Every structure is written in C-alpha cells, then in structure tokens.
Amino acid sequence: MFGSGLSGAARFLEVDASIPFSRISGWPRSAAAGHPGRLIAGRVRGRRVLALCGRVHLYEGFSAADAAFAVRVLGKLGAGMLVVTNAAGAVNPALAPGSLVLIRDHLNLQAASPLAGAGAEAFGTRFVDMSEAYSPRLRSLAREAAARCGMELAEGVYAAVLGPNFETPAEIRFLRTIGADLVGMSTVQEVIAARQMGIEILGISCVTNLAAGLSPEPLSHTEVLEAGRRVEDALARLLAEFAGLL
Ligand code: HPA
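Quick look at the structure, then. Owing to the predicted nature of the structure, the values given are computational and were not obtained by experimental measurement.

## Some thoughts on the site of the ligand
In the vicinity of the ligand, the residues found are A87, A88, G89, F166, E167, V183, G184, M185, T208, N209, L219 and V224. A distance of 3.3 Å separates a nitrogen atom of the ligand from a polar backbone atom of G89. Interatomic distance of 2.8 Å between a side-chain N/O atom of E167 and a nitrogen atom of the ligand. Considering the ligand on its own, with 260 Å² of exposed area, one finds that the protein chains cover 96% of that surface. With three residues, the single largest contributor to the shell around the ligand is strand β4 (residues 81–90). Along the lines of polarity and charge, the residues of the shell around the ligand split into seven nonpolar, four polar and one charged.

See below:
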C-alpha cells in the first residue's frame, strides 16, 4: 500500500493489470491530491503482489472501516503480508527528511478503530493483540535488504493524528514526550484491520519534513508530495530487494 506521493514506487512490479479504484464498485476513493487511486496486480521475484496506490484518510471524512476496506478485501483474497508505506514528519530530529524509516510500533491518536462498532467481527476477533503489530521478522528482512542496497534504514514509532492541519510545535513536543519518532495522518487503521486478519505487516515511513517547530520552514502538502516523489526510487529498490529475501 503506497501513501502520499509514493505510488511511483509500484514500478518495482512487473504489472499484469492496473485497475482504477473508480472501476471497482463500492471502493472508497480519495479526492486528495497525490493519491491517484488504483489497484495494481503484478509480480516481483516470482511472488504475486497486489499494490494499492492511494488510500482514504479519516481527515477526508471517511470512517475507520472505510480506511480499512482495501486491506480487508486483500485479506479476503488471501494476502498474508501487508507492506504499508506513508509520508511522515520527523518528530525525532535525528531522522533526516528524504530518508526511509522502518515503523517499529505506532501510537493511534485518531480516536478511531475499524474494530469498533457493528460488522467488524466478520473479519476476526474484536480484541486484537497489537504487541507485535509490525513483524520483527519482516523488519529484520527489511534491514538486510537495506544493507544489500547500501541504504540507511532507521527505526521509529509512528504517531497517527487526524489532521488535516499540520501539528503545532506544542503538539510535536507532546508527541516526542510520549515516544513518537514520526507523525502522519494514515496507516494505523489499515494496520489494525490487517492484524485482526492475521496479516503480517511491514511498515515504512518516508520522512518528508521535519515536524512543526523543528525547522523554521512552514509545512505544506506540496512539499510533502514532492519529498515523497524524491524517495520513490529508493523505496522501489528496497521493496524489490526485500521481496527477494522472502
Ligand atoms: N505531520 C503530519 N503528517 C505528515 C507530516 C507532518 O509533519 N508530514 C507528512 N505527513
């Protein structure tokens, strides 16, 4: 699953079919810039892959169940592994803009879960263990893939906020205090839904900017999308190498 400005990284796949979400009835679709919205069926190193280019966000008014929809479809189709990517701001100033960071754990500050409310029990138990949501096995393979590519790959905790406004400097100081290294507006709903279905998860953030208050520059969505595009190649190389290690 590719996040803001990162869909080009799907070029690591040999494409068999590419279907706009608009052609699939009932598929929740984003109107946000940078989310073209298509499902790609392809292959890499002998493995079959379904790539979700674009996702929906709670800040657009979608529900947690809408955000989880695509992952649930892939889970029902038999996917056993989810690689989830996103654009994120660096709360930890040691994480450089333009770098890729493995997600070790998350803080869900969106006050929502796809497991709340009616219907969620169709996908598994409601009370899902999240203690190793981001697979240690897959993180270790990703680190090995990065080493083979000669790439740095730090690790961090991702805090998901509702957005769509960027944070205040006080909010970023709060996030740092509670253990966040990265901040973004996505990912955790998909991860919760995938864990409910027993799907193994690798999460990768692309650091697009220093979070509010850590740099004198004002933040902009355009800057986030551009920074995402600059790391698409590195992400594509890393994912191809990772697939070869599975
Ligand atoms: N804050 C929240 N979400 C983000 C950021 C940020 O600084 N950068 C990219 N997504």
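## Remarks on helix α2 (residues 136–149)
For α2, built from 14 residues, the straight-helix expectation of 20 Å at 1.5 Å per residue is met to within 8% by its first-to-last C-alpha distance of 20 Å. Here the buried face of α2 lies against β4, β5 (100–108), β6 (154–160), β8 (200–210) and α5 (221–245). Backbone nitrogen of R137 and a side-chain oxygen of the N-cap are separated by 3.2 Å at the start of α2; the cap is S135. G150 sits one or two residues past α2 and shows a positive phi near 65 degrees.

## Section: the packing of aromatic side chains
Applying the stated criterion to the full structure yields two aromatic pairs. Between F21 and W27 the ring centres are 5.0 Å apart and the planes differ by 20 degrees, which places this aromatic pair in the stacked class. When the centroid spacing of 5.4 Å and the interplanar angle of 85 degrees are considered together, the rings of W27 and F69 count as edge-to-face. With a gap of 42 residues between them, W27 in the loop between β1 (14–20) and β2 (38–44) and F69 in helix α1 (residues 64–76) connect regions that are remote in the sequence. Using a relative accessible area of 10% as the deciding quantity, one classes W27 as buried. Here the aromatic residues F21, W27 and F69 are joined through ring pairs into a cluster of three or more.

## Comments concerning the sheet that holds β1
Taken in spatial order, the three strands of this open sheet run β1-β2-β3, and their pairing is antiparallel. Of all the strands in the sheet, just β1 and β3 (47–53) have a single pairing partner and so form its edges. Adjacent strand axes in the sheet meet at a mean angle of 20 degrees, parallel and antiparallel pairs treated alike.

Parameters and conventions
- Residues numbered from 1 in each chain as written.
- Predicted model: local features only at pLDDT ≥ 70, side-chain atom pairs only at ≥ 80, totals over all residues.
- Heavy atoms only, no water.
- Near = heavy atom within 4 Å.
- Polar contact = N/O pair within 3.5 Å; in protein donor to acceptor, adjacent residues only side chain to side chain.
- Areas by Shrake-Rupley, 256 points an atom, 1.4 Å probe, with all protein chains shown as cover.
- Helix = DSSP H or I, 4+ residues; strand = E, 2+ residues; numbered from the N terminus.
- Nonpolar A, V, L, I, M, F, W, Y, C, P; charged D, E, K, R; others polar.
- Expected span 1.5 Å × (residues − 1).
- Contact = heavy atoms within 4.5 Å.
- Phe/Tyr/Trp six-rings, centres within 6.5 Å; stacked < 30°, edge-to-face > 60°.
- Buried < 20%, exposed > 50% of the residue type's maximum accessible area, 1.4 Å probe, protein only.
- Pairing = 2+ DSSP bridges.
- Axes fitted to C-alpha atoms, helices over the stretch in contact; angles between N-to-C directions.

The analysis is restricted to geometry; functional conclusions fall outside its scope.
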